[in-house]
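The primary structure of each chain is shown beneath.
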Amino acid sequence: MHSTCSDGELTPEALVMRAKEAGLDVIALTDHDTVEGLARARSAAEREGMTLINGIEFSSRWGKIGVHVVGLGLDTANEALKEAVAAQQAARVERNLTIAARLEKLGARNIYQRAVDLAGGTQIGRPHFAQLLVDDGLVKSVASAFKKYLGAGKVGDIRQQWPPLPEIIAVIRAAGGVAVLAHPAKYRLTRTKLRALITDFAEAGGGALEVISGYQPSGLARDLAGMANEAGLASSCGSDFHRPGGIWQELGRFEAMPTNARPVWSLWPELAAVGDHK
């Protein structure tokens, strides 16, 4: 799940309440390249009698391809993790300044500072720039902003040189966490390349494959779980929730873990019993 501390629309507290209303009792907050919202989410979860697993979603690269790695069960006081998060945040600032400079050449006004103000102290992302393009009358909707300026291959799509995959996995492991290859089907790789990615991920110390990420085509989760098993990986699932109203990513609405999967929660004995009845 994602909160306002990265590119989500709900605060950590509101996110926990929505998860509670959805009937969930074990959740993970995995904001992009930050652990800023975890303390707030944990306080809210404890008040509601829920279990919160510390999480993060790191940006990384496999060759020339950008991939995301979720870290679960992290010690947020770990120095290696702190250093990695600081480096990722610095890279994001540099990226956002470049995006802003390009958009201003297209007619946007003082867009970086306005994005900072719009974010209200949280992480700036392309959705903030998209909203400001709407406000400036350059596009009619956020969707149009992504289609015309911010989507893949467009002027605001900046290729960031994120750390290589093994480096990010090493950071997660140093912090006592489990590295999970996020939404593998969304990278649009051939089956051969996807297997190569999963193999490299496992050999670098990865622990699990995300076999369910929101709503998916029938049979995909079972297929991915089979690939995870072949690579010696556990299987993870989640909504990848960002905002209310997205039926494809609503909290707790995704399918059950396939029967051929070895659930990631089995790696934590204290959660194994909880997961068994889900």
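Residues numbered from 1 in each chain as written. Predicted model: local features only at pLDDT ≥ 70, side-chain atom pairs only at ≥ 80, totals over all residues. Heavy atoms only, no water.

1. Side note on the overall build of the chain
If you tally the helices and strands in the chain, you get ten helices and six strands. A compact globule built from 278 residues would reach a C-alpha radius of gyration of about 19 Å, and the chain, at 19 Å, matches this within 12%. Structurally, the chain occupies a C-alpha span of about 55 × 45 × 40 Å along its principal axes. Per-residue burial for the chain yields a buried fraction of 47% across its 278 residues. Sequence-distant contacts in the chain: of pairs separated by 6 or more residues, those separated by 24 or more amount to 67%. The averaged location of the 31 negative side-chain charges in the chain is 8 Å from the averaged location of its 31 positive side-chain charges. (Helix = DSSP H or I, 4+ residues; strand = E, 2+ residues; numbered from the N terminus. Rg over C-alpha atoms; globule rule 2.2 N^0.38 Å. Buried < 20%, exposed > 50% of the residue type's maximum accessible area, 1.4 Å probe, protein only. Contact = heavy atoms within 4.5 Å. Lys, Arg positive; Asp, Glu negative; His and termini not counted. Charge placed at Lys NZ, Arg CZ, Asp CG, Glu CD.)

2. Considerations on the side chain of H2
In this structure, H2 sits in the segment before α1 (12–21). Judged by its relative accessible area of 1%, H2 falls in the buried class. A polar atom in the side chain of H2 sits 3.1 Å from the backbone oxygen of T30. Within the local environment of H2, its side chain forms a polar contact with the side chain of E57, the two groups lying 3.1 Å apart. Aside from chain neighbours lying at most four places away, what touches H2 is D7, G8, L15, L29, T30, D31, H32, E57, D240, F241 and H242. (Polar contact = N/O pair within 3.5 Å; in protein donor to acceptor, adjacent residues only side chain to side chain.)

3. So, the packing of helix α4 (residues 111–119) against helix α5 (residues 126–135)
Contact geometry for α4 and α5: axes closest at 9 Å, N-to-C directions at 115°. As judged from the angle between their axes, α4 and α5 are roughly perpendicular. Considering only the axes of α4 and α5, their crossing is right-handed. Contacts from I111, Y112, R114, A115, L118 and A119 in α4 reach H128, F129, Q131, L132, L133 and D135 in α5. Looking at the contact of α4 with α5 residue by residue, the class counts come to eight nonpolar, two polar and two charged. (Axes fitted to C-alpha atoms, helices over the stretch in contact; angles between N-to-C directions. Parallel < 35°, antiparallel > 145°, perpendicular 65-115°, else oblique. Left-handed = near helix turned anticlockwise from the far one by under 90°. Nonpolar A, V, L, I, M, F, W, Y, C, P; charged D, E, K, R; others polar.)

4. As for the nonpolar core
Counting 46 residues, the largest nonpolar core has F58, L72, L165, L197, F201 and L209 as its most contacted members. Elements with a minimum of two residues in this core: β2 (51–62), β3 (65–72), α3 (79–104), α7 (165–174), β4 (178–181), α8 (191–203), β5 (208–213) and α9 (220–231). Not counting residues within four places of it along the chain, the set of residues in contact with L165 comprises S60, R61, W62, V67, V69, L197 and F201. Core analysis: the second largest hydrophobic core is formed by 17 residues, L103, A108, A119 and I124 among them. (Core = buried A, V, L, I, M, F, W, Y, C linked by side-chain atoms within 4.5 Å.)

Any functional reading would require information that these geometric values do not contain.
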